[in-house]
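Reading the structure
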Amino acid sequence: YGADPCACLEVIAELARNGAWVVRGNHDEAALGGLCENMAFAARDAIYWTREQLKQQQRDFLRALPLVAQNGNTFYVHASAKTPERWRYVSGVVEAARCMEASGLPLTFVGHVHHQSLYYTAGRGKAQVFTPVPGAAIPLTPRRRWLAIAGSAGQPRDGNPAAAYVLHDQQRDTLTFFRVPYDYSSAARKIRAAGLPERLAQRLETGY
């Protein structure tokens, strides 16, 4: 959505070289030439523009990314572990339960929906949703499965323009969600200067 796709990819590629787990998202897929007809017009325009910005090295990096990754008892996927290639949204307890069942691991990290959520299930019980409080550590109780939606560093959907992320403390086995202010005004100016849709700049400024 933003005006710095190449710079962002350089940062992510460096993190990957240092051992970070990185998975492919639907906008990565679209930037490589995948179908984007079902996207909103503003997102589609941004994809067409992004395709022209990417260098071959960056295309190769995106093309090599897996749809899912597993590290011990942790599962990573952009959309849902259930048919990840179909880019389904985890937007409620039903979708969360299907995702956790498909991953089969105690902890699953998901993106795609741009807001922070935490789902859990115990045994064969129904999935439940928990609204995390930024900065408060959440103990990952054993015998439960957990699904964490980290939120988005940009393009929020909850009226809060701050960047969102989540930290997993593997030693304490806790999750902590965070919201961090950043210079979204500069990012919005870059979007406008690049000739990208005005809606994308406004979303950074308003959080909607």
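Calculation notes
- Residues numbered from 1 in each chain as written.
- Predicted model: local features only at pLDDT ≥ 70, side-chain atom pairs only at ≥ 80, totals over all residues.
- Heavy atoms only, no water.
- Salt bridge = Lys/Arg side-chain N within 4 Å of Asp/Glu carboxyl O.
- Helix = DSSP H or I, 4+ residues; strand = E, 2+ residues; numbered from the N terminus.
- Buried < 20%, exposed > 50% of the residue type's maximum accessible area, 1.4 Å probe, protein only.
- Pairing = 2+ DSSP bridges.
- Axes fitted to C-alpha atoms, helices over the stretch in contact; angles between N-to-C directions.
- Contact = heavy atoms within 4.5 Å.
- Expected span 1.5 Å × (residues − 1).

Counting across every chain of the model gives eight salt bridges. The partner of K190 in a salt bridge is D4, and the shortest N-O contact between them spans 3.2 Å. With a gap of 186 residues between them, K190 in helix 6 (residues 184-193) and D4 in the segment before helix 1 (5-17) connect regions that are remote in the sequence. Exposure remark for K190: the relative accessible area of 43% places this residue in the partly exposed category. By relative accessible area, D4 is classed as partly exposed at 33%. Among the ionic contacts, a cluster of salt bridges with common partners joins R192, E198 and E205.

A separate point is the sheet that holds strand 1 (residues 68-71). Judged by pairing direction, the sheet is mixed, and its six strands sit side by side in the order 1-2-3-7-4-5 without closing on themselves. Strand pairing shows two members of the sheet lacking a second neighbour, strand 1 and strand 5 (128-130), which therefore form its edges. Direction aside, neighbouring strands of the sheet carry axes that sit 20° apart on average. As paired strands, strand 3 (residues 107-110) and strand 7 (residues 144-149) are joined by four bridges and run parallel to one another. Each residue of the ladder has a partner; that of L107, found in strand 7, is W146. Against the sheet, helix 5 (residues 93-103) makes contact with strand 2 (74-77), strand 3, strand 4 (117-122), strand 5 and strand 7, and its axis sits at roughly 115° relative to strand 7, the strand it touches most.

Along its 13 residues, helix 1 runs 18 Å from first to last C-alpha, staying within 8% of the 18 Å computed at 1.5 Å per residue. Summarising the contacts, the buried residues of helix 1 are in contact with helix 3 (41-53) and helix 4 (56-64). Taken from the residues just after helix 1, G19 is the one with a positive phi, measuring 105°.

With that out of the way, let us pick up the sheet that holds strand 8 (residues 163-169). Taken together, the three strands give an open sheet; going across it, the order is 6-9-8, and neighbouring strands pair in antiparallel fashion. Single-partner strands in this sheet number two, and they are strand 6 (137-139) and strand 8. On average, each strand axis in the sheet is tilted by 20° relative to the strand beside it, whichever way the strands run.

Of all six residues in strand 4, five are buried; the element is thus mostly enclosed. Two strands pair when backbone bridges link them, and strand 4 and strand 7 are joined in this way by six bridges, in the antiparallel orientation. Residue pairing for strand 7: S117 is matched across the bridge by I149. With three bridges connecting them, strand 4 and strand 5 associate as antiparallel partners. Its bridge partner lying in strand 5, Y119 is registered against V129. Once strand 4 ends, the chain turns through five residues before running back antiparallel as strand 5, passing G123 with a positive phi of about 60°.

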